[in-house]
Amino acid sequence: MAAFSPFSRRLCSETQLLSSLLSRLLSSTAFAAIDDTASGFWRLLRSNSGHPSLERTLSRSLSNTKLSAPVVESVLRQSSAAAAKDDEDRALALRFFVWAGLQPNHRHSAAAYVAACDALHLPRHPYFLSQLLDSYRAAAFPVCVKTFKILLNLCRHGNLPDEAIAILRRMPEFNCCPDNSSYNAVLRLLADAGRGRAVPALLEEMTEAGLIPDAITYVSAVRGLSASGQIGAARGLHGQMRANGCVPNVVVYSALVDGACACGDLKSAMELLVEMERELEATSAPNVVTYTCLIKCLCEKGQLGDALGILDRMEQRGCSPNQVTVRTLVDGFCAQGHVNGAHELIERAAGEGAVSTADCYSVLVVCLLRIQDMEGAEKVLGRMVEKGDRPSGLACNALMRELCERRRFVDTCRVLEMEEKGLVCIDSDVYSRLLLGFCEEGHLNEALRLAAKVVERETPLQADCVDGVVEVLSESGEHALAAHIMRLKQP
């Protein structure tokens, strides 16, 4: 193949540069258009803030503008900046967000709800939600079920269970009948927030409203009741499922097992496991999560033999352990001082091929550090490197943090060599501690090498470490390097 001439190479390079510049120009133009559209919406909001027909005004504007997710995000961003001085701006932004979610060609994503909660500071101002409903009622503004679903989604992403219950109970006030999905949204939030005590009342309300719980209802309710220690009530719901045409699946059973384990009720947990194993439905068979939950409970109680028995049991049923299972068992053995037992377990797990040797021993390194066996952790990591096994980033960073804590900065060089070969990724907080440690201990050559690497990779550095590093570098005449390090200081 003929080689490119210098002219051809230069032309190719200039073409690539022009293409890159054009792409950036188009991108910046698109962003500017989005911000301009958002600014237009924001001006409408501010100029019509007290008007009862605000939503109709916004809808009329759609004939000239296009609503999109980036535009909604930009409006929220602008409102957040304005709301630093005035809560009324946040209330306006909430009203805009709900209006946008009601538009036929737009649907808020999960990321949009998260952004809205952040921009509105909703966890700190939950009363905005009830105030919005009050303003709708005062203006006789038509409210639909979808409006309430948007508000319930905001409660979910803002972790506001009490507000969600209050909003649900205000639906009849606007002639909106709560449906299964409305109750399910609140039940799911209660389960996530560990507020299972409120579950029975909501289920009773559903029954009184003539609604039949579905599979999602039962899963959320069982999770909530189990998480709050109401195992008897949760198992009662489990019994009702079949009567309503819902087959209990592994999610329901695992929630029950997890709740029983959390309460220390191993007897109930084992009964549930037996029930699962006897189920004919494949969707009800215990999985690795179910077994690992029981193993964790047994390890915490120091019943390592029984925990190994569960491991045998799951493997006999063709369910292979995963890394979490191995970590749970290794952690249990190490916590009891049975390090040899942990090694035997790892040999077994790695030999069966369910979890790689490198993953198993990486878990052991972390567990040994947890029980302050620094020497053992270093030996395990050393043997891994000698055998060509690649330790996990978690193991390497945990060891590096402990070495820095003990001010053994030079001993981190082995891991740094691995990082240079691309075998591991070092976290920015470790770089920060290590760089400061080299400077404080007078290891200037090591500090200069590490500082140059940090600058090259633009690794952000912890603020409490940077000043000391900059001082040492400046005193050594490395003013340019010190300036670069200062620019990497995290706010």
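Since the model is a prediction, treat every value here as computed from it, not as a measurement.

Caption draft 1: Representation of the overall build of the protein chain. The helix and strand inventory of the protein chain stands at 26 helices and zero strands. Scaling as 2.2 N^0.38, a compact globule of 491 residues should have a C-alpha radius of gyration of about 23 Å, whereas the protein chain reaches 30 Å, well beyond that. Dimensions along the principal axes, computed over C-alpha positions, put the protein chain at roughly 75 × 70 × 55 Å. When burial is assessed residue by residue, the protein chain has 44% of its 491 residues classed as buried. The long-range share in the protein chain, meaning contacts at least 24 apart out of those at least 6 apart in sequence, stands at 67%. Surface accessibility of the protein chain: about 24,600 Å² in total, with carbon and sulfur atoms responsible for 53%. With 51 positive and 59 negative side-chain charges, the protein chain shows a separation of 5 Å between the mean positions of the two kinds.

Caption draft 2: Structural view of the UniProt feature "repeat: PPR" (unreviewed entry) in the protein chain. According to UniProt, the feature "repeat: PPR" (unreviewed entry) maps to residues 144-178, 179-213, 214-248, 249-279, 287-321, 357-391 and 427-461 in the numbering used here. For residues 249-279, the end-to-end C-alpha separation is 10 Å, with 84% helix and 0% strand making up the annotated structure. As annotated, residues 357-391 comprises 80% helix and 0% strand, and the C-alpha atoms at either end are separated by 10 Å.

Caption draft 3: Inspection of the packing of helix H16 (residues 304-316) against helix H18 (residues 339-352) at higher detail. Their axes nearest at 13 Å, the elements H16 and H18 cross at an angle of 10°. In terms of orientation, H16 lies roughly parallel with respect to H18. Across from Leu308, Leu311, Asp312 and Glu315 in H16, the residues of H18 making contact are Leu345, Arg348 and Glu352. Of the residues belonging to the contact of H16 with H18, the class tally is three nonpolar, no polar and four charged.

Caption draft 4: Structural context of the packing of aromatic side chains. Per the stated rule, a full pass over the model turns up seven aromatic pairs. For the pair Phe41 and Phe96, a centre-to-centre distance of 5.4 Å together with 55° between the ring planes defines the contact as tilted. Within this pair, whereas Phe41 is found in helix H1 (residues 6-47), its partner Phe96 is found in helix H4 (residues 87-101), the two being separated by 55 residues in sequence. Since its relative accessible area comes to 2%, Phe41 is described here as buried.

Caption draft 5: Inspection of helix H9 (residues 180-192) at higher detail. Between its first and last C-alpha atoms H9 spans 18 Å; for 13 residues at 1.5 Å apiece the expected length is 18 Å, and the two agree. When we look at burial in H9, the residues that qualify are Asn180, Ser182, Tyr183, Asn184, Val186, Leu187, Leu189, Leu190 and Ala191.

Caption draft 6: A look at the confidence of the model for the protein chain. Across the protein chain, the average pLDDT comes to 86, with 92% of residues at or above 70. Counting interchain partners and residues more than four positions distant, the pLDDT-below-50 stretch residues 1-7 has one contact. Confidence over residues 9-14 falls short of pLDDT 50; this stretch has one contact with residues more than four positions distant or in other chains.

Caption draft 7: Up close: helix H15 (residues 288-300). The end-to-end C-alpha separation of H15 is 18 Å, in line with the 18 Å expected for 13 residues at 1.5 Å each. With ten of 13 residues buried, H15 is to be regarded as a mostly interior element. Where H15 is buried, its residues meet helix H13 (250-262), helix H14 (266-278), H16 and helix H17 (323-335). The residue sitting at the N-terminus of H15 and contributing the capping side-chain oxygen is Asn287; that oxygen lies 3.1 Å from the backbone nitrogen of Val289. Two residues or fewer past H15, Gly302 is found with a positive phi of approximately 80°.

Caption draft 8: Spatial organisation of the packing of helix H23 (residues 428-440) against helix H25 (residues 463-475). H25 packs onto H23 with a crossing angle of 35° between their chain directions and a minimal axis gap of 9 Å. Where H23 crosses over H25, the two elements pack in a sense that is left-handed. The residues of H25 that touch H23, namely those facing Ser432, Arg433, Leu435, Leu436 and Cys439, are Asp464, Cys465, Gly468, Val469 and Val472. Looking at side-chain class alone, the contact of H23 with H25 contains six nonpolar, two polar and two charged residues.

Caption draft 9: Summary view of the nonpolar core. Of all hydrophobic cores here, the largest spans 154 residues; its most connected members are Phe96, Phe97, Leu129, Leu154, Val330, Leu364 and Ile485. Counting residues per element, this core draws most heavily on helix H19 (residues 357-370), at ten residues. Once you skip the residues sitting within four places of it in the chain, Ile485 turns out to touch Leu435, Ala451, Val454, Val455, Leu461, Val466, Val469, Val470 and Leu473.

Caption draft 10: Region of the structure containing the pattern of salt bridges. Per the counting criterion, the structure on display carries 30 salt bridges. A salt bridge links Arg195 to Asp162; its shortest N-O distance comes to 2.7 Å. With Arg195 in the loop between H9 and helix H10 (199-208) and Asp162 in helix H8 (residues 161-170), this pair connects stretches of sequence that are 33 residues apart. A salt bridge links Arg401 to Asp429, with the nearest nitrogen and oxygen atoms 2.8 Å apart. Here Arg401, found in helix H21 (residues 393-405), pairs with Asp429, found in helix H23; they are 28 residues apart in sequence, far enough to count as distant. The exposure class of Arg401 is partly exposed, given its relative accessible area of 24%. Taken together, the shared-partner salt bridges connect Asp134, Arg137, Arg170 and Glu173 into one network.

Caption draft 11: Structural view of the side chain of Arg170. Relative to the elements of secondary structure, Arg170 occurs in helix H8. Sequence-distant contacts of Arg170, that is, excluding residues within four places in its chain, are made with Ser130, Leu133, Asp134, Arg137 and Phe148.

Caption draft 12: How the structure looks around unusual backbone geometry. One non-glycine residue, Gln372, adopts positive backbone phi at about 65°. Examined against the element boundaries, Gln372 turns out to sit in the loop between H19 and helix H20 (374-387).

Caption draft 13: Just the state of the cysteines, in detail. On inspection of all chains with the given rule, the structure shows zero disulfides. Between Cys334, a cysteine without a disulfide, and Cys367, which holds the nearest cysteine sulfur, the sulfur-to-sulfur distance is 5.1 Å. Summary of cysteine pairing: Cys396 is not part of a disulfide, and the nearest cysteine sulfur, belonging to Cys425, is at 10 Å. For Cys396, a relative accessible area of 0% puts it in the buried group.

Caption draft 14: Examining the environment of Leu416 more closely. Examined against the element boundaries, Leu416 turns out to sit in helix H22 (residues 413-420). Of the residues examined, Leu416 reaches a relative accessible area of 8% and is grouped as buried. Separated by 15 residues in sequence, Leu416 and Tyr431 place their C-alpha atoms 9.9 Å apart. Beyond its immediate stretch of four places on either side in the chain, Leu416 contacts Met400, Tyr431, Leu434, Leu450 and Lys453.

What counts as what
Residues numbered from 1 in each chain as written. Predicted model: local features only at pLDDT ≥ 70, side-chain atom pairs only at ≥ 80, totals over all residues. Heavy atoms only, no water. Helix = DSSP H or I, 4+ residues; strand = E, 2+ residues; numbered from the N terminus. Rg over C-alpha atoms; globule rule 2.2 N^0.38 Å. Buried < 20%, exposed > 50% of the residue type's maximum accessible area, 1.4 Å probe, protein only. Contact = heavy atoms within 4.5 Å. Areas by Shrake-Rupley, 256 points an atom, 1.4 Å probe, with all protein chains shown as cover. Lys, Arg positive; Asp, Glu negative; His and termini not counted. Charge placed at Lys NZ, Arg CZ, Asp CG, Glu CD. UniProt positions renumbered as here; feature names shortened; annotations may be inferred. Axes fitted to C-alpha atoms, helices over the stretch in contact; angles between N-to-C directions. Parallel < 35°, antiparallel > 145°, perpendicular 65-115°, else oblique. Nonpolar A, V, L, I, M, F, W, Y, C, P; charged D, E, K, R; others polar. Phe/Tyr/Trp six-rings, centres within 6.5 Å; stacked < 30°, edge-to-face > 60°. Expected span 1.5 Å × (residues − 1). pLDDT = per-residue confidence, 0-100. Polar contact = N/O pair within 3.5 Å; in protein donor to acceptor, adjacent residues only side chain to side chain. Left-handed = near helix turned anticlockwise from the far one by under 90°. Core = buried A, V, L, I, M, F, W, Y, C linked by side-chain atoms within 4.5 Å. Salt bridge = Lys/Arg side-chain N within 4 Å of Asp/Glu carboxyl O. Disulfide = S-S within 2.5 Å.

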